[in-house]
Amino acid sequence: MKKTKLNIAIASAALVAAVATGTALAANGSSAGSGSTSGAEQTRAEQAEQKKPSAIKADGSNVFPHSLDFDARSNTFLAGSLKRGTVSAVSPDGKVRTLIDDPEMVSAQAVLVDRERDRILVSNVDYGTADRSRKNAPFRVAGVGSYDLESGKQDWCVDLTAVTLDGKQHLISDVTVAPDGTAYAVDELTPTVFRIDRKGRASVFLQNDLLKGTLDIPDFLDDVGMTAVEWVEGNHLIIAMADGSLVRVPVKHPEKAQEVKLSAPLGSPTAGMRLLKDGSIAAVSSGLLTGKPAQIQRVEPRDGWKKATVKVTDTVEDPVTSDVTAGPDGTTYALSGGLADLLAGKPNDGFSLTPVKTD
């Protein structure tokens, strides 16, 4: 049985770290014979400083987002709330407004902007800590909702527990979408991948022992499995497991799912992924179990994602950083949503987005 002890204040306290808010540039060098920086060099330094992305401190108190996505057309981040079950629009200056407030949504975990269809896909979960939670029955809510990108109005919200009817605990950790509009959602607590068509009709796409969870989070959850998913060229799903492994699933032949041979495992627990323009993936690995800074890792595929090279490209001081997403002007941001405070029952005054390197 899954552990559901949510009074983990002691463990959470050890995990709370200061969020990185930017790095100062040091003055460097001097011109030959003068001992000072030339005007041209100063101008270049000033231009570099102006182009450098800044950390974003979002003012949404007690939102506690686990993941987010970026809408380039409106220059806005969309972040889910584990506490309120809402989705907020976040501007680059940190202003937060509620866009989606659906009574069917208990906790909004995964958030995906599908600009091709002008919608937002959101996974519905229940850790037992939300305003709408059934406090004594956590992890009994599992679903995905589709919402209009402009108005936030619900298109549909599908209950995935009605698809499995297995009586088990579920946690829909992430969702991705294929070019034809089919969505795929992964379950962190069972080895199940769901397929959802554009009208919200859901079915079990794959159940495979490769997707079984093996990671235990003390005093919280046992057997944590799939944490993130991306659709990639070649019509494959790349699924991140909490233990640092990746699984490649051919969409047309899901029975041929296989583990990706990595040059090194991703840090554990792997928390979120972003598909980069060149087909590589940026992943964030939380320091949830170690208290160390979260790692940003670049995963470069080989042989059609049968193999991949992994390298660390950056770190984020907050160990419980939980997602990574695109940002303005080709940037990448990592999300620190205050999850340690949420699980410890503490309030907070907002959340942070930290610019990170992916190469």
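Everything that follows concerns the structure shown earlier in this document.
What comes next is a walk through the structure. (Residues numbered from 1 in each chain as written. Predicted model: local features only at pLDDT ≥ 70, side-chain atom pairs only at ≥ 80, totals over all residues. Heavy atoms only, no water.)

### Digging into the overall build of the protein
Within the protein one finds four helices and 27 strands. Per-residue burial for the protein yields a buried fraction of 54% across its 359 residues. When contacts within the protein are restricted to residue pairs at least 6 apart in sequence, long-range pairs at least 24 apart make up 52% of them. (Helix = DSSP H or I, 4+ residues; strand = E, 2+ residues; numbered from the N terminus. Buried < 20%, exposed > 50% of the residue type's maximum accessible area, 1.4 Å probe, protein only. Contact = heavy atoms within 4.5 Å.)

### As for the packing of aromatic side chains
In total, this model carries six aromatic pairs according to the counting rule given. Here Phe77 and Tyr333 contribute two aromatic rings whose centre-to-centre distance is 5.7 Å and whose plane-to-plane angle is 75 degrees, an arrangement assigned as edge-to-face. With a gap of 256 residues between them, Phe77 in strand E3 (residues 76–80) and Tyr333 in strand E26 (residues 332–336) connect regions that are remote in the sequence. The residues Phe77 and Tyr333 share a single accessibility class, namely buried. Members of the aromatic cluster, connected to one another through ring pairs, are Phe70, Phe77 and Tyr333. (Phe/Tyr/Trp six-rings, centres within 6.5 Å; stacked < 30°, edge-to-face > 60°.)

### Notes on the sheet that holds strand E1 (residues 56–58)
Pairing is antiparallel in the open sheet, where four strands are placed in the order E1-E27-E26-E25. The open sheet is flanked by E1 and strand E25 (323–326), the only strands paired with a single partner. Direction aside, neighbouring strands of the sheet carry axes that sit 25 degrees apart on average. Looking at chain direction, E1 and strand E27 (residues 351–355) are connected through three bridges and run antiparallel. Considered in E27, the bridge of Ala58 is made with Phe351. (Pairing = 2+ DSSP bridges. Axes fitted to C-alpha atoms, helices over the stretch in contact; angles between N-to-C directions.)

### A look at unusual backbone geometry
Between Ser268 and the following residue, Pro269, the backbone shows a cis peptide bond with an omega angle of 0 degrees. Inspection of the secondary structure assignment puts Pro269 in the loop between strand E20 (261–262) and strand E21 (270–275). Notably, Asn235 is not glycine yet its phi reads approximately 65 degrees, a positive angle. Within the secondary structure layout, Asn235 lies in the loop between strand E16 (226–232) and strand E17 (236–241).

### Overview of the nonpolar core
Within the largest apolar cluster, 31 residues are counted, with the highest numbers of intra-cluster contacts made by Val144, Leu160 and Ile172. Contact partners of Val144, with chain neighbours within four places excluded, come to Val122, Ser123, Asn124, Trp156, Cys157, Val158, Leu160, Ile172, Ala185 and Ile196. One finds Val186, Val229, Val247 and Ala257 within the second-largest nonpolar core, a separate group that totals 17 residues. (Core = buried A, V, L, I, M, F, W, Y, C linked by side-chain atoms within 4.5 Å.)

### Description of empty space enclosed by the protein
Using the criterion set out here, one finds one cavity of 30 Å³ or more in the structure. Quantified by volume, the largest cavity comes out at close to 350 Å³. Where the lining of the largest cavity is concerned, the elements lending two or more residues are strand E14 (215–217), strand E15 (221–224), E21 and helix H4 (339–343). Of the residues forming the lining of the largest cavity, the biggest block, four residues, is contributed by H4. Tallied by class, the residues present in the lining of the largest cavity amount to 17 nonpolar, six polar and one charged. (1 Å grid on protein atoms, 1.4 Å probe; cavity = no way out; pocket = protein on both sides within 12 Å on 5 of 7 lines; lining within 4 Å. Points joined across faces, edges and corners; volume = space filled by probe spheres on them. Nonpolar A, V, L, I, M, F, W, Y, C, P; charged D, E, K, R; others polar.)

### Considering the pattern of salt bridges
Taken as a whole and assessed by the stated rule, the structure comprises 13 salt bridges. Linking Arg119 and Asp114 is a salt bridge whose minimum nitrogen-to-oxygen distance equals 2.7 Å. Across this residue pair, the class does not change: Arg119 and Asp114 are buried. In this structure, the salt-bridge partner of Asp209 is Lys212, at a minimum N-O distance of 3.7 Å. Overall, Asp209 belongs to the exposed group, its relative accessible area being 57%. (Salt bridge = Lys/Arg side-chain N within 4 Å of Asp/Glu carboxyl O.)

### Considering the pairing of strand E10 (residues 172–177)
Among the six residues of E10, six are classified as buried, and the element is accordingly described as predominantly covered. Examined bridge by bridge, E10 and strand E11 (residues 183–187) share five bridges and lie antiparallel to one another. Across the sheet, Val177 pairs through a bridge with Ala183, a residue of E11. Linkage of E10 to E11, two consecutive antiparallel strands, is achieved through a turn of five residues, within which Gly181 is found at a positive phi near 90 degrees.

### Brief notes about the layout of surface pockets
Once rolled over the atoms, a probe with the size of a water molecule shows which space is left empty. Reported here for the largest pocket is a volume of approximately 1100 Å³. In this structure, the largest pocket is lined by 46 residues; those nearest its centre are Asp69, Leu112, Val113, Glu230 and Leu275. Secondary structure elements with two or more residues in the lining of the largest pocket: strand E2 (68–71), strand E6 (107–114), E10, E16, E21 and E25. Residues that form the lining of the largest pocket fall into these classes: 21 nonpolar, 11 polar and 14 charged.

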